[in-house]
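This is what each chain is made of:
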Amino acid sequence: MAANKPFKAESQRLLDLMINSIYTNKDIFLRELISNASDACDKLYFASLEDESIQIDRTQLHIEVSVDKEARTITIKDNGIGMDLSDMEDNLGTIAKSGSLAFKQALEKGVEDVDIIGQFGVGFYSAFMVSDKVTVISKKINANQAFIFESSGVDGYVVDEADKEDVGTIITCHIKENIEDEDYDRFLEEYTIRSLIKQYSDYIRYPIKMKKEEGEMETLNSMIPLWKRSKSDVTMDEYHSFYKDKFYDFEDPAKVIHMNVEGTLSFTSLLFIPKKAPFNFYSNEFEKGLQLYSKGVFIMDKAKDLLGDHFRFVRGLVDSPDLNLNISREILQQDRQLKSIAQRLEKKIKSELISLLTSDRETYETFYTAFGNQLKYGLYQSYGMNKELLIDLILFYSSYEKKFVTLAEYVARMKDDQKEIYFVSAKSVDQADRLPASERVKDKGFEILYLVDDIDEFVLQMVRDYQDKPFKSINQGDLDLNDENEKEAIKDATEKSKDVLEALKEKLKDKVEDVRLSTRLKTHPVCLVSTDGVSFEMEKVLSQMPDAKDQNIKAKRILELNPEHPLLQTLNRLNESQSELLDDVASVLYDQACLIEGLPIEDPVGFALKLSNLLTQVH
Ligand code: ADP
């Protein structure tokens, strides 16, 4: 054979990186070689269109992969355009082309992070990640002579004449021996190769064949990307099985979004909105992102920048011929094309969710049960900046039918004189519905949102209002439900009960800001409300936080008594004739009000003793 020729300097550097395996995902070498083989088939096909002397049958173009365990080789064979001597020198001996060129540019710019090289197609040289020697035998279309290119990397390469009858290229990778923390043997297992082809090269447009055990050839790839087919050609079943197959879900998705955008920026996207959250969804383990393809060739699995956190549940892919396949992740993040694709997707996801909400409420609610918290978290986390995007996707339970409602539905039903959107927090819808304060609000014909998730109140606080209607907790601050007569009546009653209210306030002064007659109770004797600001719900949530003890965030409490309830008369009477009991009475009233609100009582034993003590005084 001829003498070794050295690689050009930058080729040498790329090779060094490959050989020294800085890039950890070695699997991609096969994708790269198959992608080159597919390009070679394209080129031959195009050449045949331009040159009448080239007669080919496109359906015969294909790629063959085989594994020889004994010889430790993987062979990739195509009947594409082939290479002659100068092609080999120019294309394999130098970094000249697309993917590798990006690498060259990155080197010139001094990009250090080479850990992600493979995601952007370093091409042929990636074979050296798994091979200690690579042999290429090729015969170009219309050539008389075939050639061989062989290299073990470091020492450069040799080229020479070779024997090969038919047009095309055979690349043989001589697989490295295992080393301590790298198992190369696995690439010599047929099933590894099969699954790599399925994973990375499924949509290569030429058949990728491998010999079955019985000897016949089997095509491993499905060839046409589903997303490249026209929407009207794809059945819902096909979308669904594609989704389940690719994204490992057992259930059909709640929604399929297939979009094709043409213009200054062209891309196709196939998105799925799952019905159920993956088990690790609400943990750090879950990685958001969409698969990224360029012209049907897989580039990366989870492109994070294509999805905002609020939509991180969306699965799917984007295929764009316009993407800059830069090799540095930083550069990718700043990629303007990627950003504008992300914006288009975001709008589309929103409008599709809204359409699901209006056209198939049941499915939307299933989706919402799984991912509603993520949407709410998105509102909260962005300090309300995503309000316009997300607010109409949010559902709350309400007193109306104790079912999910949107804020738009709530506002549409609001009474003419209603200025605020009422809500109350509780552990469950039933509990919210039974709160003393709920009764009268409902009685007056107002709808109440029942907030049952920890995050709900925080979200409303961030969002502040909806269609200019502020949110108002029915057990916080003043609640203006009453007409003039009712207000007058409460004023009178307060005047009459002044002494007992003062006495109770004095006895509870360490616990409450005020004891007053209530404007919100109907049949219940007492309730505990908080002043505007920190609510009971927030107190409960914040007290669960790790540094809760230091902060000691507490809602300011007000004990309210129902002016209509006979208890008030009893209290008045006690204050006049049995005031020695008032200490225990005050304490029991306060504790029971806490219990109703779902707040812990400080001294349960004391509460029980006082209650029993009071019962013994009953005549
Ligand atoms: P890229 O594919 O990005 O151009 P590669 O390093 O993978 O870069 O390949 C360099 C070049 O070598 C290709 O552009 C092509 O001209 C040639 N080449 C590689 N593999 C084959 C093949 N199987 N058949 C014909 N030409 C090939």
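Fair warning: this is a prediction, and the values are worked out from it, not measured in the lab. (Residues numbered from 1 in each chain as written. Predicted model: local features only at pLDDT ≥ 70, side-chain atom pairs only at ≥ 80, totals over all residues. Heavy atoms only, no water.)

Visitor: So what exactly am I meant to see when it comes to the sheet that holds strand S21 (residues 526-530) here?
Guide: Neighbouring strands of a sheet are bound in pairs by backbone hydrogen bonds; such pairs are parallel or else antiparallel. What the three strands build is an open sheet, ordered S20-S22-S21; its pairing is mixed. The open sheet terminates on both sides in strands that have one partner only, identified here as strand S20 (514-517) and S21. Going across the sheet, the axis of each strand differs from the next one's by a mean of 30°, ignoring polarity. By the bridge criterion, five bridges tie S21 to strand S22 (residues 557-561) in an arrangement that is antiparallel. When the bridges of S22 are listed, Leu528 appears paired with Leu559. Together, S21 and S22 form the strand contacts of helix H20 (residues 582-596), whose direction differs from that of S21 by roughly 70°. (Pairing = 2+ DSSP bridges. Helix = DSSP H or I, 4+ residues; strand = E, 2+ residues; numbered from the N terminus. Axes fitted to C-alpha atoms, helices over the stretch in contact; angles between N-to-C directions. Contact = heavy atoms within 4.5 Å.)

Visitor: What am I meant to see in the side chain of Glu182 here?
Guide: With respect to the secondary-structure elements, Glu182 resides in the loop between strand S6 (168-175) and helix H5 (190-201). A relative accessible area of 18% places Glu182 in the buried class. A distance of 3.4 Å separates the side chain of Glu182 from the side chain of Lys26, its partner in a polar contact. (Buried < 20%, exposed > 50% of the residue type's maximum accessible area, 1.4 Å probe, protein only. Polar contact = N/O pair within 3.5 Å; in protein donor to acceptor, adjacent residues only side chain to side chain.)

Visitor: Please clarify how helix H14 (residues 456-463) should be interpreted in this entry.
Guide: For an α-helix the count is 3.6 residues per turn, leaving residues at separations of three or four pointing the same way. Of all eight residues making up H14, six are buried, and the element is well covered by its neighbours. Among all positions in H14, only Asp456, Glu457, Phe458, Val459, Leu460 and Val463 are buried. At the C-terminal side of H14, Arg464 shows a positive phi close to 70°.

Visitor: Got a minute to help me understand the pairing of strand S1 (residues 63-68) in this structure?
Guide: Here is the key point about a regular strand: its side chains alternate between the two faces of the sheet. A one-sided burial pattern is seen for S1, the buried positions being Ile63, Val65 and Val67 and the unburied ones Glu64, Ser66 and Asp68. Note: S1 against strand S2 (residues 73-78), six bridges, orientation antiparallel. The residue of S2 that forms the bridge with Asp68 is Thr73. Hairpin connection of S1 to S2: four residues between the antiparallel strands, including Arg72 at a positive phi of 55°.

Visitor: Help me understand the pattern of salt bridges in this model?
Guide: Taken as a whole, this structure holds 45 salt bridges when the rule is applied. For Arg72, the salt bridge is made with Glu177, and the minimal N-O distance between the two is 3.8 Å. Placement of the pair is Arg72 in the loop between S1 and S2 and Glu177 in the loop between S6 and H5, with a sequence separation of 105 residues. Owing to a relative accessible area of 52%, Glu177 belongs among the exposed residues under this scheme. Note that Glu352 is salt-bridged to Lys255, the shortest N-O span being 3.4 Å. Residue Glu352 is found in helix H8 (residues 336-359), and its partner Lys255 is found in strand S9 (residues 255-261); the two are separated by 97 residues along the sequence. For the pair Glu352 and Lys255, a shared accessibility class is recorded, and that class is buried. Each of Lys402, Asp430, Asp433 and Lys442 takes part in salt bridges that share partners, so that together they form one network. (Salt bridge = Lys/Arg side-chain N within 4 Å of Asp/Glu carboxyl O.)

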